[in-house]
Amino acid sequence: MHPSASNRADASTSIPKDSTSVIDAAIARLGSLKGALLPILHDIHEQLGYVPPAAVARIAQGLNLSQAEVHGVISFYHDFRTSPPGRHVIKLCRAEACQAMGSKHLEAHLTAQLGIGMNDTTADGSVTVEPVYCLGNCALAPSLLIDGKVIGRVTKRRLDQLLDGCRNQGAGA
Amino acid sequence: MTTTIYVPRDSAALSVGADDVAALLAQHAKAQQLEVRIVRNGSHGMLWLEPLVEVATAQGRIAYGPVTPADLPALFAANFLQGGAHPLRLGKTKEIPYFAQQTRLTFARCGITDPLCTDDYVAHGGLAGLQKALLQKPAEIVAVLVQSGLRGRGGAGFPAGIKWRTVLGAPADQKYIACNADEGDSGTFSDRMLIEGDPYMLLEGMTIAGLAVGATEGYIYLRSEYPDARTVLSEAITRARAKGWLGNNVLGSGKQFEVFLRIGAGSYICGEETAMLESLEGKRGMVRPKPPLPAIAGLFGKPTVINNVMTLAAVPCILAQGGDHYASFGVGRSKGTLPFQLAGNIKHGGLVEVPLGITLRALLYDFGGGTITGRPIRAVQVGGPLGAYLPASKFDLPLDYEAFAAAGFMVGHGGIVVFDDSVDMQAMARYAMEFCAIESCGKCTPCRIGSTRGVEVIDKIARGHRREQNVQLLRDLCDTLANASLCAMGGLTPMPVLSALDYFPEDFTKN
Ligand SMILES: Cc1cc2nc3c(=O)[nH]c(=O)nc-3n(C[C@H](O)[C@H](O)[C@H](O)COP(=O)(O)O)c2cc1C
Ligand code: SF4
Ligand code: FES
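Because the structure is predicted, anything quoted here is derived from the model rather than measured. (Residues numbered from 1 in each chain as written. Chains lettered and ligands numbered in written order. Predicted model: local features only at pLDDT ≥ 70, side-chain atom pairs only at ≥ 80, totals over all residues. Heavy atoms only, no water.)

### As for the site of ligand 1
Residues and elements named next belong to chain B.
- Taken together, 20 residues lie near ligand 1, and Gly 154, Asn 180, Asn 307, Asn 308 and Thr 311 sit nearest.
- Between ligand 1 and the protein, one listed contact pairs an oxygen atom with a backbone N or O atom of Gly 184 at 3.1 Å.
- Protein coverage of the free-state accessible area of ligand 1, which is 610 Å², stands at 91%.
- Of all the secondary structure elements, the ones that give two or more residues to the shell around ligand 1 are β9 (304-308) and α20 (488-492).
- For the shell around ligand 1, the element with the highest residue contribution is β9, accounting for three residues.
- Residues belonging to the shell around ligand 1 are distributed by class as follows: five nonpolar, nine polar and six charged. (Near = heavy atom within 4 Å. Polar contact = N/O pair within 3.5 Å; in protein donor to acceptor, adjacent residues only side chain to side chain. Areas by Shrake-Rupley, 256 points an atom, 1.4 Å probe, with all protein chains shown as cover. Helix = DSSP H or I, 4+ residues; strand = E, 2+ residues; numbered from the N terminus. Nonpolar A, V, L, I, M, F, W, Y, C, P; charged D, E, K, R; others polar.)

Shown next, in the form of structure tokens:
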């Protein structure tokens, strides 16, 4: 599942996951892999929607790395959030093929509708919007990813429908 | 009698509702007590026709598309399960000109089979290359690859056989095959389509590479932006292991090869091969200086073959049909086929696998049908975000590595992004600099700082502030980037910027 795909699962359960046990379980299960740090971070991110600050020390200890190294990796990669996202995550493609099909107008519409900027979450916690640079759906541009699902040929109308779905807490798409 | 219906599971098809179509199709059929078997195939690559639904009839597979859930009642009424007439009927799939005019070597099976069905794979020629490779010595396999003339499809076009030979000759207790499935270039999706539509071919190609160089482990670095590809690929690896296609005893040969899947984390620079190695090792994706070559000291410090998905996926066909067969396609030193990808503002967007040497014009108009907006094509970016923007005067250039390089462009991964006359090339040049600033690994100053400076300078030009001086400054900045960057991220960002300046100067003189 895509990192943001888990948000749908999170939305349907009201019991917050115990992040410490998620972190420890990820280290226990994946720690022996070669190059284990990314798989562990992905696992935590998929389950919690972000990598909590508390994870840094635990992973560092588990993998015998310095905290600076773990922090350095988390901050290097665009995918890893360090605070919880909204219940739904929309990643709008900003790359060239989508620009050729008007993605800039879509981005303006999206942020105007929600009243937030990119990389931001609405005050009611329903939606987080983030940029993404190509989803490999460039022949059916413009494209976005909502809760891990790719949508192509996105129009303003389609975007509004998706946003309505998010606000009504229904399934993301 | 059960009718077989194909509804693609390719993510492009899913992005325009293929799952809904498949679900409703099943419901309708059930309600009408018609027996159907719905196969979720890969895509044939005619993406503007997705969801492209096919029905297996006595005459062959008949295509309908693009099908929406709302079309289904009428399709059933038109007896489409027997291939009945309907406005969406496209005829036999394999006779649709866009498809019929291609040379499908790498994408021979994609769209035709159920991607995860191992029986389908074998029934359609799968494993033939691996079986041949198992009868050959490593040096013989490498020789076939050299003879094929296959060049790296990830961007740089380095001869694959030569790279393999280096790794074969490097003594080590452990070697690796690293498959670059980061596919970061905008306008490209061939790696994704192959992984979603024919994943065993990639695994077979990697296994052959392992046999050729003496590597027993392969890693696939797949971008996180491809959730559907991830699902298919991890399932394919599981099934291939269960079948004995991977593991300790590949096809009963006693040879060993394992494949592990790793997911990227949204970083473009991690497609650069040494940054990818760092990322696979669990580190920040910082570019490594070369030497040492990854072929000598690559993943975990061991000799490593790094190849793009398209490179590795071409290998089974080359082994099965011979290096000379593959080399009989293409022009000059650009041998074989390249799966081009038509994207952006294009009427018939999709995947076009043809021999190298085709002109851009043929792709844009004969296959692509011009823009979807119906306006003239003004600029075409070839080869991803580091590729040049070509004006219409360059559309007759043949797409081969040498011809493109001689003209100052690059073929890259074969992505072709089309813009109509509403494009603002100054904005696209700005975007190229901005993208470099966002994605720079930060190791060298020209790339890290220069790209941000580039954005500022273009903004000044846009405001009309000391325009001539700032255009000159922009060119100087590009010079520095091109000459003083450690890798092609900084080194090639000038290509889109300067091509915009050179071929579309009028966009830099208006406010
Ligand atoms: C900034 C940058 C990004 C790259 N991205 C990719 C990529 O996404 N996929 C890929 O296969 N090669 C990419 N490459 C090229 C790789 O460095 C490398 O040449 C390639 O993986 C080698 O495989 P090949 O010889 O089969 O093409 C990139 C290079 C640079 C400089
Ligand atoms: S050119 Fe840019 S991306 Fe490449 S090594 Fe230098 S800073 Fe990193
Ligand atoms: S450029 Fe947007 S999906 Fe590729």
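Now, onward.
### Some details on the domain arrangement of chain B
Residue and element names in this part refer to chain B.
- Assigned domains within chain B: domain 1 (3-100), domain 2 (118-327), domain 3 (330-420) and domain 4 (425-508).
- For domain 1 and domain 3, the distance between their C-alpha centroids amounts to 30 Å.
- At the interface, five residues of domain 1 touch eight residues of domain 3.
- Between domain 1 and domain 3, the buried area comes to about 500 Å², and carbon and sulfur atoms account for 59% of it.
- In terms of surface lost to domain 3, no three residues of domain 1 exceed Gly 45, Trp 48 and Tyr 98, which account for 87% of the buried area on that side.
- On inspection of domain 1 and its partner domain 3, the count reaches zero salt bridges.
- The tally of links between domain 1 and domain 3 comes to five residue pairs in polar contact (both at pLDDT 80 or more). (Domains from an automatic or database assignment. Contact = heavy atoms within 4.5 Å. Buried area = accessible area lost by both parts, 1.4 Å probe. Salt bridge = Lys/Arg side-chain N within 4 Å of Asp/Glu carboxyl O.)

### Considerations on unusual backbone geometry
- Looking along the chain, the bond that leaves Ala141(A) and enters Pro142(A) is cis, with omega of -5°.
- Mapped onto the elements of the fold, Pro142(A) is located in the loop between β3 (127-132) and β4 (144-146).
- Positive phi is not limited to glycine here, since Arg153(A) has a value of about 50°.
- Look at Arg153(A) and you get partly exposed, because its relative accessible area is 28%.
- A positive phi is found at Leu127(B), a non-glycine position, where the angle reads about 75°.
- Within the secondary structure, Leu127(B) sits in the loop between α5 (118-123) and α6 (128-134).
- With a relative accessible area of 6%, Leu127(B) lands in the buried category. (Buried < 20%, exposed > 50% of the residue type's maximum accessible area, 1.4 Å probe, protein only.)

### Comments concerning the packing of aromatic side chains
All names here are of chain B.
- Scanning the entire structure with this criterion turns up 19 aromatic pairs over all chains.
- Ring centres of Tyr 176 and Phe 300 lie 5.6 Å apart, and the angle between their planes is 65°; on these two criteria the pair is classed as edge-to-face. Here Tyr 176 is found in strand β6 (residues 176-181), whereas its partner Phe 300 is found in the loop between α12 (273-280) and β9, with 124 residues between them in sequence.
- Here Phe 300 falls in the partly exposed class, since its relative accessible area comes to 26%. (Phe/Tyr/Trp six-rings, centres within 6.5 Å; stacked < 30°, edge-to-face > 60°.)

### Quick notes on the site of ligand 2
- Every one of the 13 residues lining ligand 2 counts as a neighbour, but Cys441(B), Lys443(B), Cys444(B), Cys447(B) and Cys487(B) are closest to it.
- For the shell around ligand 2, the class distribution of residues is eight nonpolar, four polar and one charged.

### Regarding the interface of chain B and chain A
- Each side of the interface is counted separately: chain B has 62 residues, and chain A has 41 residues.
- Taking both partners together, chain B and chain A bury about 3,800 Å²; carbon and sulfur atoms supply 57% of that area.
- Seen at the junction of chain B and chain A, the total is two salt bridges.
- Note that Arg230(B) and Glu46(A) form a salt bridge whose closest N and O atoms lie 2.9 Å from each other.
- Connecting chain B to chain A are 23 residue pairs in polar contact (both at pLDDT 80 or more).
- If you list the elements that add at least two residues to the side of chain B that touches chain A, you get α1 (11-15), β7 (217-222), α11 (227-243), β8 (258-263), α12, β12 (337-344), β16 (415-420) and α17 (425-439) of chain B.
- With six residues, the top contributor of residues to the side of chain B that touches chain A is α17(B).

### Details of the sheet that holds strand β3 (residues 53-57) of chain B
All names here are of chain B.
- Here we have five strands laid out as an open sheet, ordered β2-β1-β3-β4-β5, and mixed in their pairing. Here the strands that pair on one side only, and so sit at the sheet edges, are β2 (36-39) and β5 (89-92). Taking each pair of neighbouring strands and ignoring which way they run, the sheet shows an average axis angle of 25°. (Pairing = 2+ DSSP bridges. Axes fitted to C-alpha atoms, helices over the stretch in contact; angles between N-to-C directions.)

### With respect to helix α7 (residues 103-114) of chain A
Residues and elements named next belong to chain A.
- Between its terminal C-alpha atoms α7 stretches 16 Å, which fits the 16 Å expected from 12 residues at 1.5 Å a residue.
- All of the buried residues along α7 are Ser 103, Leu 106, Glu 107, His 109, Leu 110, Thr 111 and Leu 114.
- The inward-facing, buried residues of α7 contact β1 (88-93), α6 (96-99), β3 and α8 (156-167).
- One or two residues past the end of α7 sits Gly 115, with phi positive at roughly 70°. (Expected span 1.5 Å × (residues − 1).)

### Overview of the confidence of the model for chain B
- With 100% of its residues at a pLDDT of 70 or more, chain B shows a mean pLDDT of 97.
- Here the predicted complex scores 0.96 on pTM and 0.97 on ipTM. (pLDDT = per-residue confidence, 0-100.)

### A word on the pattern of salt bridges
Residues and elements named next belong to chain B.
- Tallying each qualifying case throughout the model produces 34 salt bridges over all chains.
- Salt-bridge contacts for Glu 196 lead to Arg 192; the nearest nitrogen and oxygen are separated by 2.8 Å. Note that Glu 196 and Arg 192 are positioned in helix α9 (residues 190-197) at a spacing of four residues, about one turn of the helix. With respect to class, Glu 196 is no different from Arg 192; both count as buried.
- Notably, a salt bridge pairs Arg 333 with Glu 402, separated by 3.2 Å at the nearest N-O pair.

### Looking at the side chain of Ser103(A)
Residue and element names in this part refer to chain A.
- Position of Ser 103 relative to the elements: it lies in helix α7.
- Looking at Ser 103, the relative accessible area reads 2%, which means it is buried.
- Polar contacts involving the side chain of Ser 103 include one to the main-chain amide nitrogen of Gln 99, which spans 3.2 Å.
- Residues in contact with Ser 103, not counting those within four places in the same chain, are Leu 92, Cys 93, Cys 98 and Pro 142.

### Quick notes on the domain arrangement of chain A
- Here chain A is described as being made up of domain 1 (3-76) and domain 2 (88-168).
- Distance from the C-alpha centre of domain 1 of chain A to the C-alpha centre of domain 2 of chain A: 26 Å.

### A few points about the nonpolar core
- In this structure, Ile59(A), Trp164(B), Leu203(B), Ile220(B), Phe340(B), Leu399(B) and Ile416(B) are the most contacted members of the largest nonpolar core, which totals 190 residues.
- In terms of residue count, the dominant contributor to this core is helix α10 (residues 199-213) of chain B (10 residues).
- Other than its neighbours up to four places away in sequence, Leu399(B) contacts Phe340(B), Leu356(B), Gly357(B), Ile358(B), Thr359(B), Leu360(B), Leu363(B), Val382(B), Phe404(B), Val411(B) and Ile416(B).
- Core analysis: the next-biggest nonpolar cluster, separate from the first, contains 20 residues, Ala13(B), Leu14(B), Leu25(B) and Ala29(B) among them. (Core = buried A, V, L, I, M, F, W, Y, C linked by side-chain atoms within 4.5 Å.)

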